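Close look at the chain arrangement
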Amino acid sequence: MKILLYTLAFGFLTFTQPTTNWEIKSGYQIKFDGGKVKGTFHGLQGDISFDENDLTHSKIEVVVDVTTINTGKSVMNEHAKNESWFNANKYPNITFKSLEIKKLNNGFSVLGELNMHGVKKALSFPFRYKQTDSGALFEGQFKVNRKDFGINGNAFGFMVGDLYTVDLAIPVKKKK
């Protein structure tokens with residue numbers, strides 16, 4: 001009877017172990033490339049709970065401050081923040097909230113909801129997770145069409161690309 005109780009207690013503890021909670025470290029990179037316009041975003045914050053052995057309880061919820069856009073040109077940065085592009089006053093954040101994380105042969109895949117410019121769309125993309133000496137690193141890449149999110153630009157919108165590739169490299173450390 002004692003062995004049965006110990007086995008049940010061990011099983012309960014094993015299945016109720018919390019997923020690892022990660023804190024986003026400085027040095028992350030959010031790069032975008034639309035061919036004619038390239039740049040970065042800063043101001044990333046969020047909650048990442050991830051355990052490669054417990055994907056059911058893993059989740060990713062992040063927020064990026066739109067006003068941190070940097071194209072390398074101050075005039076272009078200001079245009080990107082104005083009403084005809086991101087409209088940072090009305091839509092100050094880009095958010096992503098995972099709905100499901102799956103294991104792939106060479107990494108993982110996340111399905112979630114991307115909310116940008118007041119429009120929510122499903123987004124799925126592969127990512128890699130690597131443990132490092134100081135924590136872990138999440139890396140991924142996805143494509144997004146700005147027009148799918150109502151970012152049509154002003155009369156000069158035809159001068160920039162519609163489809164953008166977004167590269168992510170997010171170092172994290174365990175939360176205390």
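Residues numbered from 1 in each chain as written. Predicted model: local features only at pLDDT ≥ 70, side-chain atom pairs only at ≥ 80, totals over all residues. Heavy atoms only, no water.

Re the nonpolar core
Put simply, the rule reads: Buried Ala, Val, Leu, Ile, Met, Phe, Trp, Tyr and Cys residues form a nonpolar core when they are joined through side-chain atoms within 4.5 Å. To sort residues, take the accessible area from a 1.4 Å probe on protein chains only and compare it with the maximum for the residue type: under 20% means buried, over 50% means exposed, and anything in between is partly exposed. Helix and strand labels come from DSSP, where a helix needs a run of H or I of at least four residues and a strand needs a run of E of at least two; each type is numbered from the N terminus.
Phe50, Phe86, Phe127 and Phe138 are the most contacted members of the largest nonpolar core, which has 43 residues in total. With five residues, the top contributor of residues to this core is strand β10 (residues 163–174).

Section: the pattern of salt bridges
Applicable threshold: Salt-bridge detection follows one rule: a side-chain nitrogen of Lys or Arg within 4 Å of a carboxyl oxygen of Asp or Glu.
Tallied over the entire structure, the rule returns eight salt bridges. Close ionic contact of Arg146 with Asp162 constitutes a salt bridge, the shortest N to O distance being 3.0 Å. Taken together, the residues span a long stretch of sequence, with Arg146 in the loop between β9 (135–145) and β10 and Asp162 in the loop between β9 and β10 at a distance of 16 residues. Among the salt bridges present, the one from Asp162 reaches Lys147, with a minimum N-O distance of 3.9 Å. Here the residue Asp162 occupies a position in the loop between β9 and β10, and Lys147 occupies one in the loop between β9 and β10, the gap between them amounting to 15 residues. Owing to a relative accessible area of 29%, Asp162 belongs among the partly exposed residues under this scheme. Judged by relative accessible area, Lys147 falls into the partly exposed class, the value being 42%. Residues joined in a network through salt bridges with shared partners are Arg128, Lys130 and Glu139.

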